[in-house]
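# Coordinates in review
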Amino acid sequence: MNAPASPSVAVASTAADWLEPLNAAQREAVTHGAGGAGVPGPLLVIAGAGTGKTNTLAHRVAHLILHGADPARILLLTFSRRAADEMGRRVRRILGHAAAEHPWLAQANLEWSGTFHAIGARLLRDYAARIGLDPAFTIHDREDSADLMNLARHEAGLSTRERRFPLKGTCLAIYSATVNTGAPLAGVLQSTFPWCAEWETELKALFRAYVAAKQAQQVLDYDDLLLYWAHMMDEPALAREVGDQFRHVLVDEYQDTNPLQARILLAMKPDGRGLAVVGDDAQAIYAFRGATVRNILDFPAHFDPPARRVTLECNYRSTQPILAAANAVIAQAAERYDKELWSARESAVRPQLVSVRDEADQAAFVVERVLARREEGIELRQQAVLFRAASHSARLEMELTRRNIPFVKFGGLKFLEAAHVKDVLALLRWTENLRDRVAGFRVLQLLPGIGPKSAARVLDNLAAAPAGCELLAEQPVPEAARAGWAEFAALVEELRRADAAWPAGFERACRWYEAHMPGLYDDATVRQGDIQQLARIAATYPGRQRFLTELTLDPPGATSGEAGMPLLDEDYLILSTMHSAKGQEWRSVTVLNAVDGCIPSDISTRSTLEIDEERRLLYVAMTRARDHLELVAPQRFYVSGQQGLGDRHVYAGRTRFISNRMLGHFEQMSWPEPPAELRGTPDSRQAALDLAAKMRGMWD
Ligand SMILES: Nc1ncnc2c1ncn2[C@@H]1O[C@H](COP(=O)(O)OP(=O)(O)OP(=O)(O)O)[C@@H](O)[C@H]1O
């Protein structure tokens, strides 16, 4: 729903009120060019951690709307759907306060707010006819893309070489890096995948086949959503049309965009008018996916005159000691925009650096601390435990489950990666697009009596049939499958009809699938809970296409220790990878495994660039904390893969990002604390526990 665009009345009366909570720099960013006659020139907001970047962006959007901008012509690009939703809520709240006398303003809906990928998908559908795409294209997630790559790899005879050709995941990673960075394949191989460089020719042929397969099946992968969008913008007339559709384009987390995304923006807004980007170079943590911090460093110079730059340096989130420790970590980074973050939140409490014996003690320590803080009035959901790799929280998850403490985990295995959830989604995708071979291959084999061969035969027949004449019911299937085939074909036909009701159709699909689950999985009853959860999620979307697109692009990232997600009013501890903690804040933050090998991760220490990114990752983790921050360093790790109760372990050193010189920023302690009588000087210990006397006493 769009707000009627006549807000200048509201502006006149209350302009000062909603700007009042902002500091001078934030206000400068919010009001830049708004209210003037034309479209404002380009704006770059460099915002340190916790300086109110999200807040500022939300105020800017609200401010533009209050000055007459049509919400339907504002494009807001965020890093995740979660961030887009949060931004929408904040904007409506600000509008609600700012223009209480115009309640319709608080209803303003940001129709065009989402990730680059989600927005790309919508634009490609809107412009499909003009760029030779079928608007019913389906989108492959990473796993589907890897499966299709594997098929192409197999068909090209590359899986039978005597020397090992890279596996599907690596092939896809190389393909994706090449597409997203816009660099030549040879360069990507040299810099990032040197062990695959000898296969350049074969890889090129493989990627050609992969692209052909996608086109024949009318599927797009994640990278295509950006790539097609970028190519569409190479056409000046289309670029102008799409650019004009949006009077304002605002981009959050600009430091984590890749060259393709920058190319899209610059093509849409070549003179930068209406373009505002916000980011923090010190928080760039996605280079491994092709993002480049150069986008933000080079942004102003793309325009003439250069973009206006506003720097936010006042941190509202963390106490001064937490900020001082985080600043010390990032100060060692090589290249960055200079900014001196400061906090007005005084505190005498320094962050803690806690040494524990091993991961079991680490888990026990965390639980003890979390519960103690809860007693002090900090809810569990205001407390987060962060880690570099999803697997680092395994020991803690066990302990939390044992102690009956609910938690939600962000990052790691996703709900949508579960096989049964993928089955249902594949069924939906296939009904959307019968040429989607990966989806079809999965769905057909759900039917008893159909294996890979018969599935492939059916798919071949369908691919050969003219569009709209795929007669599913008449497909030759093995005798064993015949009984269920008619029912299945009827279901697909019904779901494919344009007027198929939503979410009723989805529920029909779920019922059909649930009937097959006992034959597919031993633990079908447990898995059924997830299918019901999926049905609940589906009911919140307006239709199948939107549901599939958004779920594929930005899946719900939480898995929980409980069956199903916790209810919204429950209290639960947050567990999260550092990457997924981006943009969040909690009153207390505990960083697990603050040791070398975990952060920096031992797989990311090949170059200074990689090490710098790991440093920024630790910086992001530390700056999520408002009041309490503790970094836990287990001294030893058990070596996995031992037989029985093997006791082999390795010793770990404190993370290299906290050098001896920086220790003054931390309170150091060990846990468990030694008993009182064992603390103090060696002399006093001797007095408390005279073992020597005991030994002598044994022979009295
Ligand atoms: N002008 C202000 N006055 C008081 N509090 C503010 C102000 N601006 C922001 N804040 C508060 O500061 C905290 C950080 O704000 P926000 O989440 O917008 O920061 P951010 O720059 O997006 O952080 P990061 O980049 O670290 O994720 C929030 O709790 C927010 O409410």
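Preceding this section is the structure that the text describes.
As the structure is a prediction and not an experimental result, all values here were calculated from the model. (Residues numbered from 1 in each chain as written. Predicted model: local features only at pLDDT ≥ 70, side-chain atom pairs only at ≥ 80, totals over all residues. Heavy atoms only, no water.)

### A closer look at the overall build of the protein
This is how the line gets drawn: Strands are runs of DSSP state E lasting at least 2 residues, helices are runs of H or I lasting at least 4, and numbering of each runs from the N terminus. Each residue is assigned to one of three classes by its accessible area relative to the maximum for its type, calculated with a 1.4 Å probe on protein chains only: buried under 20%, partly exposed between the two thresholds, exposed over 50%. For this analysis, residues touch if any pair of their heavy atoms sits within 4.5 Å. Only the protein chains shown count as cover for residues, with accessible areas throughout obtained via the Shrake-Rupley method and a probe of 1.4 Å.
When helices and strands are tallied, the protein shows 26 helices and 20 strands. A burial count over the protein gives 51% of its 700 residues as buried. Counted over contacts in the protein with a minimum sequence separation of 6, partners at least 24 positions apart contribute 77%. Carbon and sulfur atoms form 53% of the exposed surface of the protein, whose accessible area is close to 31600 Å².

### Digging into the pairing of strand β12 (residues 383–387)
Our working definition: Should DSSP find at least two bridges between two strands, the strands are taken to pair.
In terms of burial, β12 is largely enclosed, as five of its five residues are buried. Here β12 shows no split at all, with Gln 383, Val 385 and Phe 387 on one side and Ala 384 and Leu 386 on the other all buried. Alignment of β12 against strand β15 (residues 573–577), held across four bridges, turns out to be parallel. Looking at the pairing, Leu 386 lines up with Ser 576 of β15.

### Here's the deal with the pairing of β15
Along any regular strand the residues' side chains alternate between the sheet's two faces. In terms of burial, β15 is largely enclosed, as five of its five residues are buried. Side-chain alternation along β15 places Leu 573, Leu 575 and Thr 577 on one buried face and Ile 574 and Ser 576 on a second face that is also buried. Relative to β15, strand β13 (residues 407–410) runs parallel, the two sharing four bridges. Bridge pairing links Lys 409 to Leu 575 in β15.

### Some details on the site of the ligand
Operational definition: Proximity is defined per residue: any heavy atom of the residue falling within 4 Å of a molecule or strand makes that residue near it. Residues adjacent in sequence count toward polar contacts only when both atoms are side-chain atoms; beyond that, a polar contact is any pair of N or O atoms within 3.5 Å, and within protein one must be able to donate a hydrogen and the other to accept it. Residue polarity is assigned by list, with Asp, Glu, Lys and Arg as charged and Ala, Val, Leu, Ile, Met, Phe, Trp, Tyr, Cys and Pro as nonpolar; anything else, Gly included, falls into the polar class. Here the bounds of each domain stem from an automatic or database domain assignment.
Neighbouring the ligand are 19 residues; Lys 53, Thr 54, Arg 317, Glu 585 and Arg 624 lie closest to it. In this structure, Gly 50 approaches the ligand through a main-chain N or O atom, which is 2.8 Å from an oxygen atom. A distance of 3.0 Å separates an oxygen atom of the ligand from a polar atom in the backbone of Asn 55. With three residues, the single largest contributor to the shell around the ligand is helix α3 (residues 53–66). Classifying every residue of the shell around the ligand by side-chain character gives four nonpolar, nine polar and six charged. A domain-level breakdown of the shell around the ligand finds at least three residues from each of domain 1 (24–120 + 232–312) and domain 3 (320–412 + 567–671).

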